[in-house]
Amino acid sequence: MIRQAVGAIIFHQAEILLVHKVKISTIRDMQIQGEWDFPKGGIEHNDKNLEAALLRELMEETGSVKYKVLEQLDEKIIFHFAEEFTHKTGYKMQETTMFVIEYTGDRSDLMPQDNEIRAIEFFSPNETLAKLTHQDTKLFFEKALKTLII
């Protein structure tokens, strides 16, 4: 089964927002080694559409609603889950629809809303490439950087 998800490349003042994720709530708060990633998460049955799912996810992970959706990207991030995750959830892979978002706040409202996220930080595009944990996400961002105006 494929898990449908949404995620965002969020920029503010030429910097990119990343979250430091330390748990996976899908598997009863399974601890993971900390990883830097774009905010993203699964689509839920009560989400009206992809944009609503994304805005809910951003509120859950960052505590803010100060986002302006600029674009839904055509290319998705697709990856296969580890065997343990597949065994516990039934999901073999994830397909993440990505958006480009402008953060419109002053950064004072950014605060993780659950124990899944330990930190929220902004990085330059080059620092973002260095920080991203997953290779498929790095490749996606590298390709997106060629067309994004940040």
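Residues numbered from 1 in each chain as written. Predicted model: local features only at pLDDT ≥ 70, side-chain atom pairs only at ≥ 80, totals over all residues. Heavy atoms only, no water.

Draft legend 1. Expanded view of the overall build of the chain. Scanning the chain from N- to C-terminus turns up four helices and seven strands. The linear arrangement of helices and strands in the chain, starting from the amino end, is β-β-β-β-α-β-α-β-β-α-α. Put simply, the chain has 150 residues, and 47% of those count as buried. In the form shown here, the chain has an accessible surface area of approximately 8,400 Å², with 49% of it arising from carbon and sulfur atoms. Placing the 18 positive and 25 negative side-chain charges of the chain at their respective mean positions leaves the two points 2 Å apart. (Helix = DSSP H or I, 4+ residues; strand = E, 2+ residues; numbered from the N terminus. Buried < 20%, exposed > 50% of the residue type's maximum accessible area, 1.4 Å probe, protein only. Areas by Shrake-Rupley, 256 points an atom, 1.4 Å probe, with all protein chains shown as cover. Lys, Arg positive; Asp, Glu negative; His and termini not counted. Charge placed at Lys NZ, Arg CZ, Asp CG, Glu CD.)

Draft legend 2. The nonpolar core, seen in detail. Formed by 21 residues in total, the largest nonpolar core has its most connected members in Ile9, Phe38, Met98 and Phe141. For this core, the elements supplying multiple residues, two or more each, are strand 1 (2-12), strand 2 (15-24), strand 5 (67-80), strand 6 (93-103), strand 7 (117-123) and helix 4 (135-145). One finds Leu58, Phe99, Ile101 and Tyr103 within the second-largest nonpolar core, a separate group that totals 16 residues. (Core = buried A, V, L, I, M, F, W, Y, C linked by side-chain atoms within 4.5 Å.)

Draft legend 3. Structural view of the pattern of salt bridges. Counted by the stated rule, this structure contains 11 salt bridges. Between Glu116 and Lys21 there is a salt bridge, with its nearest N and O atoms 3.5 Å apart. With Glu116 in the loop between strand 6 and strand 7 and Lys21 in strand 2, this pair connects stretches of sequence that are 95 residues apart. Lys21 shares its class with Glu116; the two are buried. Its salt-bridge partner being Glu44, residue Arg56 comes within 3.4 Å of it at the nearest N-O pair. Placement of Arg56 in helix 1 (residues 50-62) and of Glu44 in the loop between strand 4 (40-42) and helix 1 is noted, with a sequence separation of 12 residues between them. Given the relative accessible area of 17%, Arg56 is considered buried. (Salt bridge = Lys/Arg side-chain N within 4 Å of Asp/Glu carboxyl O.)

Draft legend 4. Region of interest: helix 4. The complete set of buried residues in helix 4 reads Thr137, Phe140, Phe141 and Ala144. Seen along its axis, helix 4 keeps its buried residues to an arc of 95 degrees; they face one direction. (Arc of directions from axis to C-beta.)

Draft legend 5. Region of interest: the environment of Leu148. Here Leu148 lies in the segment after helix 4. Taking relative accessible area as the criterion, Leu148 reaches 15% and is therefore assigned buried. Taking the C-alpha atoms as reference points, Leu148 and Ile9, separated by 139 residues in sequence, lie 9.9 Å from one another. In contact with Leu148, other than residues within four places in its own chain, are Ile9 and Val100. (Contact = heavy atoms within 4.5 Å.)

Draft legend 6. Seen up close, the environment of Leu55. Locating Leu55 in the fold gives a position in helix 1. Along the chain, Leu55 and Val65 lie 10 residues apart, while their C-alpha atoms are 7.2 Å from each other. Look past the residues within four positions of Leu55 in its chain and what remains in contact with it is Tyr67 and Val69.

The quantities given are spatial measurements derived from coordinates; they are silent on function.
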